[in-house]
Structures are given as structure tokens and as C-alpha cells.
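Listed here are the chains, written in short residue letters.
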Amino acid sequence: MISRHASTTARRTFLSRALSSRASAVLSTLDLHSSRELSGVYDGEWRGSGEVLESVCPTTGEVLARVQSATPEELQRALERSREAYKVLRNVPAPKRGEILRQIREALAAKRDALGALISLEMGKIRTEGVGEVQEFVDIADYAVGLSRMMNGRMVASERPGHSILEVPNPLGVVAVLSAFNFPVAVYGWNLALSLAAGNATLWKPSPSTPLCAIAVTKIVAAVLEHNGLPGAVAGLVTGGKDIGVGIVDSKHVDMVSFTGSEAVGSQVGQAVQKRFGKVLLELGGNNAAVVMPDADLDMAVPSVFFGAVGTAGQRCTSTRRLYLHSSVVQAFLSRLESLYQSVRPGDPLDSKTLLGPLHTRHAVDVYHKAVDRLQKTGAEILTGGASYRDLAAPLDGGNFVMPTIAIPQEVNVADPVWSTETFAPVLSVGVFDELEQAIEWNNGVPQGLSSSLWTRDMRNVGKWIGPAGSDAGIVNVNVGTSGAEIGAAFGGNKSTGWGRESGGDAWKQYVRWSACTLNFSDAAPLAQGVQFSNSA
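Let us look at the structure shown here. In this text, all values refer to a predicted model and were calculated from it rather than measured experimentally.

### Focus: the overall build of the protein
Then, number 1: Across its full length, the protein holds 16 helices and 24 strands.
Then, number 2: A compact globule built from 537 residues would reach a C-alpha radius of gyration of about 24 Å, and the protein, at 25 Å, matches this within 12%.
Then, number 3: Counting only C-alpha atoms, the protein reaches 90 × 70 × 45 Å along its principal axes.
Then, number 4: Residue burial in the protein is summarised as follows: out of 537 residues, 55% are buried.
Then, number 5: Considering only intrachain contacts with a sequence separation of at least 6, the fraction spanning at least 24 residues in the protein is 74%.
Then, number 6: For the protein, the exposed area adds up to about 22700 Å²; of that, 52% sits on carbon and sulfur atoms.
Then, number 7: Measuring between centres, the 49 positive side-chain charges of the protein sit 6 Å from its 52 negative side-chain charges.

Laid out in C-alpha cells, this is it:
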């Protein structure tokens, strides 16, 4: 056991150690002072006296900051304050809630580049993707401003004279958002914008490995709430590990849990929330396929598959993990794709020229190597990649850099883990088909159902692909890659991806409670379906 003195000494050693200039420049812009431990709990006040989390830069391996997470008692207090904040916010007219969101949008936009750099620093995605992720939050806030005036119910015709039926949406309560490391800002943004517009309090538990992004965003949102005289717990924050997540999921103070993460953990979350009859929104694994037909425009398809498979170092839920090529285009497509793969070089995500950043953790590197080993043991040809980068210059030599990999398994057997398991790394498996129906069968044959992409110029293929016998994914694209969704449509997947929907479309309807209200403005009280229940009948 480490003594208290040793622990204190280690803590002082970290706090006195100078950060790299690249890291300190990013953190200071957002008022994140790494010279002291940061509070990781916000419920109107900043606190935190639980386990200390370390934020580690995946590019260099340096510790960026230490964050004091929530204790069980602090979580309970945050939940109670969220409930109190909900009781205030539910009575604020929806358009006025929209005005709060407009101000949040403006505050985020003013810090867009700084927040984007923080995402690159802490998560590891390249600069343009980090900035794009913040823009996603800005965009969904814009969307929710308008939505606040259009969260309509409807009137239903009644069979009874002098009656009308209304379907009425009202605020739901407390929405908990458990987000993943790979989109440490945007996923919370999708949920907060719709939840706040609907009149709910939102409590955020971010990934334990990206607490700085969460603290920075919460500070920005909290300032807007304070300016408008609203409780800070309207948008609360609790950092922590598994115990804090379990405490949120099991709490009857939480009316809805929005969880983004693995299928295994998502299954546990779904069962726990359903057991107490709460609402749950799941965004889980994606094992996404691109299908390339003989008539595809390769000038479009090849770069899109390249981005889908290599962008964010293969760590998007929508990353392209399976590539099904028609036999007539295999050689031409793979030749061009391999050239793009070999042209990419690892680099600092903060450098605007970098296209390939690191994996987020050492564990992710292990997952990558296990996936490559599995492919090799089953006889797959490794066309390119298949190893970690070696002998990188400092400070990249401390990072989690792996080579984007293209593998050609000996056969397509979607029951085989090579095809059916999502690997959260830049590993692309290639299969060859002759008929579209075969490719659709392979596309649909895995447990997951998030995103899919067909490359063709034949409308008959399009009809099959998006129709009842086509792709069973939640995102079914044509001449658009699997990765890079816009906020206007609902985002989510089917099957073991969880059936959840976030962002645009009708996703907002999950963040309210619905009531069917029958109004009688006549002088009689007839029963429906002509039922008579009277002694005089």
C-alpha cells in the first residue's frame, strides 16, 4: 500500500513538473490551470474530493492535468440539485429556453478553436476534426433554438361529439449523459441541446480519460446559466469511474440515461435502467461497411473510404471497418487506396498538416495488435500496415501511433469475429462479391447496425439498397461515406447498436414525456366505442 506521505509527494512532484509548451498553450487559453488539481464536479458549485483522474495526452504520453472526481456523496448531491434545477427549468417557457441555448451557442462559437485544440490535445483527433466537433455542438444548439418554438404535440379527432384529444409533450425530468472518449464534446452537445430545449436538467458523466474537455465545456455553459439567473445544475457535471456511472444508471432520480459506449456495457446499462422502468437511449458499437459497385465513381469512393477508415485513427463509431468490392473493381480500387494509406504519416494532431493522430490509450494499441494477430492467424493477407510506428522523433515517441491497416481475409464469413467484431482502430477488412444481393447480405449479417455506404450511379441499385430488402443500418448512405453525419437528421443505429436516436429529426421526442389528453366540452359524457354503462340502458 502506498503511504499517505508517498502519495502526497507524488502529487507535489506532478504539480511542480512543467508541461510542454504545446500543452500549456492550449490549457491556458481555456483557463485550465494544470499547476493544481482541478475540480471535476459541478452542480452550481465546483467541487470534487473523490478519486484523482489523470488526463494523459495520447500524442506524447505526458500527464496534462489531475482532476478530482466525485465521491458517492457528491454524486448524490449533484443528483438532488439536478432534480431541483429541473423544477425551475420546466416552468421556463420553451422559447426562453431557446434563448438560453442561443447564448450557449454564441459562447461556444467564441471558443471554438480553443476547444477544438483541447480535443486534439486530450483525445488525439486531428485539429480540423477537433474544431469540427465543436462546430457540431454549435450547430445542434442552433437547431435547438428553432426547435424550442416547434416542439409540438398534435390534436387527434375524437369519435365522441364535443370531444377533442390532444397529444401533449412535457419536460421529462433529469437526463443523464454518459459519453465516450472519441467525441468528448459533440455527443454531450447533441443531448444537452435537446434536453434543455425540452425543459430538463442534464447531468453529464464524461469518459474518465477526457475530463478536461468536459470541464472546459461546463465552464462555458455554466457562465451562461449564471448570467440568466438559472441554477448551475441545469447542466451539471460529475467526473469519475465505473462506480459513479453505476450510481447514475441505478438512480431513480434519473428519468433518462443516454449512454454512448461499447455493446457489452450498453447491454448492462439498458437492463439496469429498464429494471427500474427508466428511459434509456443507447448509442453502441458500429461495424460499418462500404459497398462499391462496378459503376462507382472511384474518384469519389476511394478518398471517402480512406477518410472513413483512417479518420480519427479509426476511432469513430461510424468508421469504415468493412469494405466490400465488386470483383471488377478490386484491383483498381485497392491500388489507389493503398497509395493513400502509404502516403499518410503520423503527426501531432495540433499541426494542421497532420492527417493521422494517435490512438487514445495504450489499451487501444493492444486492441489493435490483437485484431491484426487474429487476422494473420486466420490467413488474411495484410496489404499494408499491421504494426505500431517505431523510432518516431520526440515527443511523438511517447504516443500511441499505429499504422492504418488493410487486410484481405481468406473468405467472408460474417459469423467469424474477424468480420463480426468491432475493432476501435484503423483496421479495414476487404471482401469481394459479384452480386449486390450478396454484399447486402454481408452488410446485414453482423450484430451491429449503425452506418453503411453504397457507391453506385445506377438507380436500381439505390432502390435495392435503401428499400425493405436493403441495408438494415440506421444510416444508409449512397455515394457518401459511412463517417461524417450532419446534425439535421436523427443519428443512431439498429440491432446491437442500440436503436437509439440523437441529434436531429424526431430525436427530441425521446426527451419529453407524452400525455394523451381527452377534453370534453359538451354537455354529456359518452363512453368510447359506444359502450353503455347505465341502469337505464
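Here the narrative resumes.
### Examining the sheet that holds strand 6 (residues 154-157)
Then, number 1: Pairing within the open sheet is antiparallel, and its three strands lie in the order 6-7-24. Each end of this open sheet is capped by a strand with a single partner; those strands are strand 6 and strand 24 (512-520). Across the sheet, the mean angle separating the axes of adjacent strands is 25 degrees when strand polarity is ignored.
Then, number 2: Of the pairings in the sheet, the one linking strand 7 (residues 163-171) to strand 24 comprises nine bridges and is antiparallel in character. For Ile-165, the partnering residue across the bridge sits in strand 24 and is Thr-518.

### Describing a nonpolar patch on the surface
Then, number 1: Nonpolar side chains collect at one region of the surface, where Leu-527, Val-531 and Phe-533 lie side by side and expose about 350 Å² of accessible area between them.
Then, number 2: Along the polypeptide, Val-531 turns up in the segment after strand 24.

### Considering the pattern of salt bridges
Then, number 1: This model, assessed by the stated rule, comprises 23 salt bridges.
Then, number 2: When the shortest N-O distance is used, the salt bridge between Glu-37 and Arg-66 registers 3.4 Å. Taken together, the residues Glu-37 in the loop between helix 2 (21-29) and strand 1 (38-39) and Arg-66 in strand 5 (residues 63-68) connect sequence positions 29 residues apart.
Then, number 3: Glu-37 gets classed as buried once you look at its relative accessible area, which sits at 18%.
Then, number 4: Close ionic contact of Asp-458 with Arg-460 constitutes a salt bridge, the shortest N to O distance being 2.8 Å.
Then, number 5: When salt bridges with common partners are traced through the structure, they connect Asp-43, Glu-45, Arg-47, Arg-77 and Arg-81 into a single cluster.

### Focus on the environment of Ala-439
Then, number 1: Within the element layout of this structure, Ala-439 appears in helix 15 (residues 436-444).
Then, number 2: Along the chain, Ala-439 and Val-280 lie 159 residues apart, while their C-alpha atoms are 33 Å from each other.
Then, number 3: Apart from residues lying up to four places away in sequence, Ala-439 is in contact with Val-291, Tyr-324 and Phe-433.

### Some remarks on the packing of helix 4 (residues 94-110) against helix 7 (residues 186-198)
Then, number 1: With their axes 8 Å apart at the nearest point, helix 4 and helix 7 run at an angle of 150 degrees to one another. On the basis of the axis angle, helix 4 is roughly antiparallel to helix 7. Every residue of helix 7 that contacts helix 4 at Ala-94, Arg-97, Ile-100, Leu-101 and Ile-104 is listed here: Ala-193, Leu-196, Ala-197 and Ala-198.
Then, number 2: Of the residues belonging to the contact of helix 4 with helix 7, the class tally is eight nonpolar, no polar and one charged.

### Brief notes about the side chain of Arg-66
Then, number 1: On the accessibility criterion, Arg-66 (11% relative accessible area) is buried.
Then, number 2: Within polar-contact distance, the side chain of Arg-66 engages the side chain of Glu-54 at 3.1 Å.

### Brief notes about the side chain of Asp-43
Then, number 1: For Asp-43, the location among the structural elements is in the loop between strand 2 (41-42) and strand 3 (46-47).
Then, number 2: Separated by 3.3 Å, the side chains of Asp-43 and Arg-81 make a polar contact.
Then, number 3: Sequence-distant contacts of Asp-43, that is, excluding residues within four places in its chain, are made with Arg-77, Ala-78, Arg-81, Gly-232 and Ala-233.

### A closer look at the layout of surface pockets
Then, number 1: Each pocket or cavity is described by its volume, and for the largest pocket that value is around 1000 Å³.
Then, number 2: Surrounding the largest pocket, 37 residues form its lining, Phe-259, Thr-260, Gly-261, Ser-262 and Val-265 being those nearest its centre.
Then, number 3: Going through the elements one at a time, helix 9 (242-250), strand 11 (256-260), helix 10 (263-275) and helix 13 (362-377) are the ones with two or more residues in the lining of the largest pocket.
Then, number 4: At five residues, the largest contribution of residues to the lining of the largest pocket is made by helix 9.
Then, number 5: When the residues that make up the lining of the largest pocket are grouped by side-chain class, the tally is 16 nonpolar, 16 polar and five charged.
Then, number 6: What the second largest pocket holds in volume is close to 490 Å³.

The rules behind these values
Residues numbered from 1 in each chain as written. Predicted model: local features only at pLDDT ≥ 70, side-chain atom pairs only at ≥ 80, totals over all residues. Heavy atoms only, no water. Helix = DSSP H or I, 4+ residues; strand = E, 2+ residues; numbered from the N terminus. Rg over C-alpha atoms; globule rule 2.2 N^0.38 Å. Buried < 20%, exposed > 50% of the residue type's maximum accessible area, 1.4 Å probe, protein only. Contact = heavy atoms within 4.5 Å. Areas by Shrake-Rupley, 256 points an atom, 1.4 Å probe, with all protein chains shown as cover. Lys, Arg positive; Asp, Glu negative; His and termini not counted. Charge placed at Lys NZ, Arg CZ, Asp CG, Glu CD. Pairing = 2+ DSSP bridges. Axes fitted to C-alpha atoms, helices over the stretch in contact; angles between N-to-C directions. Patch = residues over 30% accessible without salt bridge, like charges linked within 9 Å, V, L, I, M, F, W, Y side chains within 5 Å. Salt bridge = Lys/Arg side-chain N within 4 Å of Asp/Glu carboxyl O. Parallel < 35°, antiparallel > 145°, perpendicular 65-115°, else oblique. Nonpolar A, V, L, I, M, F, W, Y, C, P; charged D, E, K, R; others polar. Polar contact = N/O pair within 3.5 Å; in protein donor to acceptor, adjacent residues only side chain to side chain. 1 Å grid on protein atoms, 1.4 Å probe; cavity = no way out; pocket = protein on both sides within 12 Å on 5 of 7 lines; lining within 4 Å. Points joined across faces, edges and corners; volume = space filled by probe spheres on them.

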